Every structure is written in C-alpha cells, then in structure tokens.
Amino acid sequence: MIIIFFGAPGVGKGTQAALFAERMGYGHLSTGEALRNAIAAQTDIGKLAKQIVDEGKLVSDEIVTKIVEETLVLPKFQAGTILDGYPRTLGQAEALENILAAKGQKVAVVVNITVNQETLVQRLLARGRKDDNETTIRERFAVYEKETAPLLDFYAKTPNLIKTIDGEAEVEEVYKRVKAAVEAR
Ligand code: AMP
C-alpha cells in the first residue's frame, strides 16, 4: 500500500508519517530527511542540495525521484510505503505514477493534513531546524502554494483518493484521524 502524507510545511505530516509507518511496520521515506542526511554525509547529492535546502527552494525533480526509486525497492517498503514530502511538484507526481505503474502499483490514499496558518508558523519556529528561520520559512510556504498545493487537483481526479484531516489537535488525536481515514479508503 502506497500512502502519501500531504500538507504545508509545519502541518505535522512528518510526525504523523513516522508514527504511522512505525506502528504499521511500513517503510517511511521523508525526502527532506534523506536530503538532510546526504548533506550531513557530504555525498554528491548532498553537495548539490545543500544551498537549495538552506534557502527553502526545491531540489530538482530528478534528484528526489532518484532517491525515491532507490528507496522503494528496500525490503521494508514492500509491506507498505509512506511518502512524506514527496511528491511536491506535478513532475514528481507524474514520475511517481510511472515508477508505480512499472510495478503494477498505485497510490492508495493521499492523507491531506490541514492546520491554520498561525499554528504552522508557530510549529516551525518551535522546531528550530536549520532551515526554520523566518526567511526560509516564508520561501517554503510560497513554494508550497505555487508548486505543491496544485497537486491536490491532480489527485482529486481519482475519486475518494484524498482524505483531508484536521491536524489541529494533539499528536495521538491526529493519529486516530489519520488511521481512520486510511482505513476508510
Ligand atoms: P521537509 O523535510 O519535507 O520539510 O523538506 C526540507 C527541504 O528539503 C525542502 O524545503 C526542500 O528544499 C527539500 N525537499 C524535500 N523534499 C523535496 C521534494 N520532494 N522535492 C524537492 N525538494 C525537496
């Protein structure tokens, strides 16, 4: 089963994706995390991505899709796959369709988590990651609105694929909502 965790920066999708994957025994791929690891390890991808991530811009579709292809074949991902922060552009969504189609698979559900704007900013500032300064946060919201939010129209073409969850609650409460949404697919 392929599940996409979707939402604006700071919405809690990383927290929920990690929790869901751990409890279900599924593989969890956060492309942001993969990029941060590559940057820390100073790999070729890390060197290419560093400045882009620091500025809150998007790394190229080719680079992130390569990470996705390499990860989806890992044994853990055969039971189930949680995608967190991917796809973020229409190009990535189409690339994902192709990767999955080659294996006879499809996205099973898009968990779209929403919270109000004020909560988003507060959560990001509280998190204190290197790319969580005010300038970068503003850029990441702008990129989300322009490049990523339109993916909801892309996935809405498949009836009932998108499950929208109110993420304005404690972690365990949001988790219950996520689980119920996935089970209702
Ligand atoms: P995240 O951990 O999902 O907030 O991602 C942190 C940063 O990594 C983003 O601001 C982008 O610079 C980069 N990134 C993560 N996922 C992607 C993606 N799917 N496409 C392009 N850039 C990405």
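Here's what I pulled together on the structure shown here. (Residues numbered from 1 in each chain as written. Predicted model: local features only at pLDDT ≥ 70, side-chain atom pairs only at ≥ 80, totals over all residues. Heavy atoms only, no water.)

Moving on: the nonpolar core. Counting 56 residues, the largest nonpolar core has Ile-3, Phe-5, Phe-20, Leu-35, Val-111 and Tyr-155 as the members making the most contacts within it. Setting aside residues up to four positions removed in sequence, Leu-35 forms contacts with Ile-45, Ala-49, Val-53, Val-59, Ile-63, Val-64 and Ile-67. (Core = buried A, V, L, I, M, F, W, Y, C linked by side-chain atoms within 4.5 Å. Buried < 20%, exposed > 50% of the residue type's maximum accessible area, 1.4 Å probe, protein only. Contact = heavy atoms within 4.5 Å.)

On to the site of the ligand, then. Neighbouring the ligand are 16 residues, the closest being Thr-31, Arg-36, Lys-57, Gly-85 and Gln-92. Arg-36 is positioned with one of its side-chain polar atoms (N or O) 2.9 Å from an oxygen atom of the ligand. Contact distances for the ligand include 2.5 Å between an oxygen atom and a backbone N or O atom of Lys-57. When the ligand is considered free in solution it has 480 Å² of accessible area, and contact with the protein chains removes 96% of it. Per-element tally for the shell around the ligand: the top contributor is helix 2 (residues 31–40), with four residues. Each residue belonging to the shell around the ligand can be placed in one class, and the counts come to six nonpolar, four polar and six charged. (Near = heavy atom within 4 Å. Polar contact = N/O pair within 3.5 Å; in protein donor to acceptor, adjacent residues only side chain to side chain. Areas by Shrake-Rupley, 256 points an atom, 1.4 Å probe, with all protein chains shown as cover. Helix = DSSP H or I, 4+ residues; strand = E, 2+ residues; numbered from the N terminus. Nonpolar A, V, L, I, M, F, W, Y, C, P; charged D, E, K, R; others polar.)

Attention now goes to the pairing of strand 5 (residues 162–166). Judged by which residues are buried, strand 5 turns out to be one-sided: Lys-163 and Ile-165 face inward and are buried, whereas Ile-162, Thr-164 and Asp-166, on the alternate face, are not. As defined by bridge partners, strand 4 (residues 107–114) adjoins strand 5 across five bridges and the pair is classed as parallel. When the bridges of strand 5 are listed, Thr-114 appears paired with Asp-166. (Pairing = 2+ DSSP bridges.)

Whether parallel or antiparallel, the strands of a sheet pair through hydrogen bonds between backbone atoms. Within the open sheet, the five strands sit side by side as 2-3-1-4-5. Their pairing is parallel. Strand pairing shows two members of the sheet lacking a second neighbour, strand 2 (27–30) and strand 5, which therefore form its edges. Within this sheet the neighbouring strands show an average axis-to-axis angle of 20°, counted without direction. One ladder, built from four bridges, connects strand 1 (residues 2–6) with strand 3 (residues 81–84); its direction is parallel. If you follow Ile-2 over to strand 3, its bridge partner there is Thr-81. (Axes fitted to C-alpha atoms, helices over the stretch in contact; angles between N-to-C directions.)

Our next topic: the packing of aromatic side chains. Considering all chains together, one arrives at five aromatic pairs under this definition. With a centroid separation of 6.0 Å and an interplanar angle of 55°, the aromatic rings of Phe-5 and Phe-20 are classed as tilted. Of this pair, Phe-5 sits in strand 1 while Phe-20 is found in helix 1 (residues 13–24), placing the two residues 15 residues apart along the sequence. With respect to burial, Phe-5 and Phe-20 carry one shared label: buried. With a centroid separation of 6.1 Å and 50° between ring planes, the pair formed by Phe-20 and Tyr-175 is classed as tilted. With Phe-20 in helix 1 and Tyr-175 in helix 10 (residues 171–183), the pair connects residues that are 155 residues apart, well separated along the chain. The class for Phe-20 is buried, based on a relative accessible area of 1%. Here the aromatic cluster, defined as three or more aromatic residues joined through ring pairs, consists of Phe-5, Phe-20, Tyr-26 and Tyr-175. Sitting over the face of the ring of Tyr-175, Arg-23 holds its NZ or CZ atom 4.5 Å from the ring centroid. (Phe/Tyr/Trp six-rings, centres within 6.5 Å; stacked < 30°, edge-to-face > 60°. Lys NZ or Arg CZ within 6 Å of the ring centre and 35° of its normal.)

Here the focus is helix 3 (residues 44–55). Buried residues of helix 3: Ile-45, Gly-46, Ala-49 and Val-53, and no others. Take helix 3 and look down its axis: the buried residues cluster within an arc of 80°, on one side only. Seen from the buried face of helix 3, the exposed residues on the opposite side, beyond 90 degrees, are Asp-44, Lys-47, Leu-48 and Gln-51. Residues of helix 3 that are buried sit in contact with helix 2, helix 4 (61–72) and helix 8 (134–148). (Arc of directions from axis to C-beta.)

This part takes up the packing of helix 2 against helix 3. Helix-helix packing is described using two parameters, namely the angle between the two axes and the distance between the axes. Packing of helix 2 against helix 3 brings their axes to within 8 Å, and their N-to-C directions diverge by 115°. One element, helix 2, and the other, helix 3, form an angle in the roughly perpendicular class. Taken as a pair, helix 2 and helix 3 cross one another with a handedness that is left-handed. For the pair helix 2 and helix 3, the contacting residues are Leu-35, Ala-38 and Ile-39 in the first and Ile-45, Gly-46, Ala-49, Lys-50 and Val-53 in the second. Of the residues that constitute the contact of helix 2 with helix 3, the class distribution is six nonpolar, one polar and one charged. (Parallel < 35°, antiparallel > 145°, perpendicular 65-115°, else oblique. Left-handed = near helix turned anticlockwise from the far one by under 90°.)

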